[in-house]
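Take a look at the letters that make up each chain.
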Amino acid sequence: MSANDKYTTETITDVRPWTDSLFSFRTTRDRGYRFVPGQFARLGVRGGAEDSIVWRAYSIASAAHDEHLEFFSVVVLGGAFTSRLSKLKEGDQIFVERRSYGFLTTDRFESGRDLWMLATGTGLAPFLSILHDFATWETYENLILVQSVRTQPELAYEDLIRGFEKSEYYAEFAHKLRYARIVTREPVPGAFGDRVTKLLASGVLEENLGVKLDHDRSRIMLCGNPEMVEDSRKLLVERGFRLSRRGEPGHLAVENYW
Ligand code: NAP
């Protein structure tokens, strides 16, 4: 593995397509690479002007204890980075900045009992990492994961999420997880059809999941489509929830995805 002050050179070890425009991939991980679940990495691929490296931020979907790194990506139409990335295959090289970034981490919160994780699309990735952190399961009484996508095939990682209850390591905690799927552009049995904002505003989500949003208990993370993040944030701020700031823990932590 060649190294540089700012980044390491890693190898793609696995690529998993979910749909024509949605895929996950794994890379080797430098032994010195550290991150807190919920953070993102900066990944580089060759192909910029004069074969320079083009860099983009990608939330890490894998666990802090995994030997590999995993990422979840869309192919953005006409997007220079993701179209290159989507052509990468096992054995190809990718660059990973040595630093990890971001504040969508549970250490932004104090004293909550219910952790709400609201994701659209690939915004699911940081929550997968957070869900693989044993501290999350130990700290909270309820973990509420909401995954919103347009169509059913985009419900990536559903098996993994449902698999916690059968997992040797997580089964004892798995009863704490409440998982809601939202599919907005086609009817899917058992999934909600309305946007998360509508389900929050109407109280339908809380009622269905049997957990109330509450200032003392609820700590809420939002990740994905910037409009969803903004609309949900507004709605929650109107209900008296506060954004966590550095040195001032609140109820909300947010990450825009593009
Ligand atoms: P998306 O438009 O983000 O939709 C995903 C889910 O979020 C859908 O259920 C959608 O509902 C819902 N949603 C969208 N806006 C919302 C809002 N304001 N409030 C509540 N829910 C909302 O679709 P996507 O397939 O994940 O991404 C779409 C496109 O975004 C991609 O094709 C790509 O071009 C771009 N994108 C770019 C990046 C990047 O890194 N550059 C990353 C991800 C996505 P509706 O069906 O009702 O809209």
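An account of the accompanying structure is given in this report. Within each chain, residues carry numbers counting from 1 in the order of the written sequence. Selection of residues for local features in this predicted model requires a pLDDT of at least 70, selection of side-chain atom pairs for listing and counting requires 80 or more, and totals for whole chains, interfaces and linings are taken over all residues. In computing side-chain properties, one takes all heavy atoms of the structure into account and sets aside hydrogens as well as water.

**Here's the deal with unusual backbone geometry**
Point 1. Positive phi, normally seen in glycine, also occurs at Ser111, with a value near 55°.
Point 2. A run of H or I in DSSP becomes a helix once it reaches four residues, and a run of E becomes a strand once it reaches two; helices and strands are each numbered from the N terminus. Position of Ser111 relative to the elements: it lies in the loop between β6 (93–97) and β7 (114–120).

**What to know about the site of the ligand**
Point 1. Put simply, a residue is near a molecule or strand once any heavy atom of it comes within 4 Å of that molecule or strand. The environment of the ligand is made up of 18 residues, and the closest members are Ser148, Arg150, Thr184, Arg185 and Arg195.
Point 2. Thr184 is positioned with one of its side-chain polar atoms (N or O) 2.7 Å from an oxygen atom of the ligand.
Point 3. Interatomic distance of 2.8 Å between a side-chain N/O atom of Arg195 and an oxygen atom of the ligand.
Point 4. Using a 1.4 Å probe, accessible areas were evaluated by the Shrake-Rupley method; residue-level cover was limited to the displayed protein chains. When the ligand is considered free in solution it has 880 Å² of accessible area, and contact with the protein chains removes 79% of it.
Point 5. A molecule is said to occupy a pocket when more than half its atoms come within 2 Å of that pocket's grid points, and by this definition the ligand occupies the largest pocket.
Point 6. Elements supplying a minimum of two residues to the shell around the ligand: β8 (142–149) and α7 (226–238).
Point 7. Asp, Glu, Lys and Arg are counted as charged, while Ala, Val, Leu, Ile, Met, Phe, Trp, Tyr, Cys and Pro are counted as nonpolar; the rest, among them Gly, fall into the polar class. Class assignment of the residues belonging to the shell around the ligand gives a composition of 6 nonpolar, 7 polar and 5 charged. In the analysis that follows, any N or O atom pair within 3.5 Å is treated as a polar contact, provided that within protein one partner can donate a hydrogen and the other can accept it, and provided that, for residues neighboring in sequence, both atoms belong to side chains. Each cavity reported here is a set of points on a 1 Å grid over the protein atoms alone in which a 1.4 Å probe fits but cannot get out, each pocket an open set with protein on both sides within 12 Å along at least five of seven lines, and each lining residue one with an atom within 4 Å of a point. Cavity and pocket membership follows a simple rule, namely that a molecule belongs there if more than half of its atoms are within 2 Å of the grid points.

**A look at the environment of Ser52**
Point 1. Relative to the elements of secondary structure, Ser52 occurs in the loop between β3 (40–46) and β4 (53–59).
Point 2. Sequence-wise, Ser52 and Leu205 are 153 residues apart; in three dimensions their C-alpha atoms are separated by 47 Å.
Point 3. What makes two residues a contact is simply this: any of their non-hydrogen atoms within 4.5 Å. In contact with Ser52, not counting residues within four places along its chain, are Val45, Arg46 and Gly47.

**Topic: α7**
Point 1. The terminal C-alpha atoms of α7 lie 18 Å apart, and with 13 residues this matches the ideal 18 Å at 1.5 Å per residue to within 8%.
Point 2. Among the residues of α7, Met228, Val229, Ser232, Leu235 and Leu236 are the ones counted as buried. Mapping the buried residues of α7 onto a view down its axis gives an arc of 140°, with all of them on the same face. Residues of α7 that are exposed and point more than 90 degrees away from the buried face comprise Glu227 and Glu238.
Point 3. Buried residues along α7 sit against β7, α5 (196–202), β10 (218–224) and β11 (252–256).
Point 4. Put simply, Asn225 is the residue that caps the front of α7, since its side-chain oxygen is 2.8 Å from the backbone nitrogen of Glu227. A helix is expected to span 1.5 Å for every residue after the first. The rule is simple: take the accessible area with a 1.4 Å probe, protein chains only, and divide by the maximum for that residue type; under 20% is buried, over 50% is exposed, in between is partly exposed. For this quantity, the arc is that covered by the directions from the helix axis to the C-beta atoms.

**Comments concerning the sheet that holds strand β5 (residues 68–74)**
The pairing of strands in a sheet happens through backbone hydrogen bonds and is either parallel or antiparallel.
Point 1. In this scheme, strands are said to pair when DSSP sees at least two bridges between them. Spatially, the 6 strands line up as an open sheet ordered β4-β3-β6-β1-β2-β5, and their pairing is antiparallel. With partners counted over all chains shown, the strands left at the sheet margins are β4 and β5, one partner each. For this sheet, the mean angle separating the axes of adjacent strands, direction not counted, is 35°.
Point 2. When strand β1 (residues 7–19) meets strand β2 (residues 22–28), the two strands line up antiparallel, connected through 6 bridges. Along β2, the bridge assignment pairs Arg16 with Ser24.
Point 3. Lines are fitted to the C-alpha atoms to define the axes, a helix being fitted only along its stretch in contact, and any angle between axes, read from their N-to-C directions, falls within 0 to 180 degrees. Helix α1 (residues 80–87) contacts β2, β3, β4, β5 and β6 of the sheet and is inclined by roughly 85° relative to β4.

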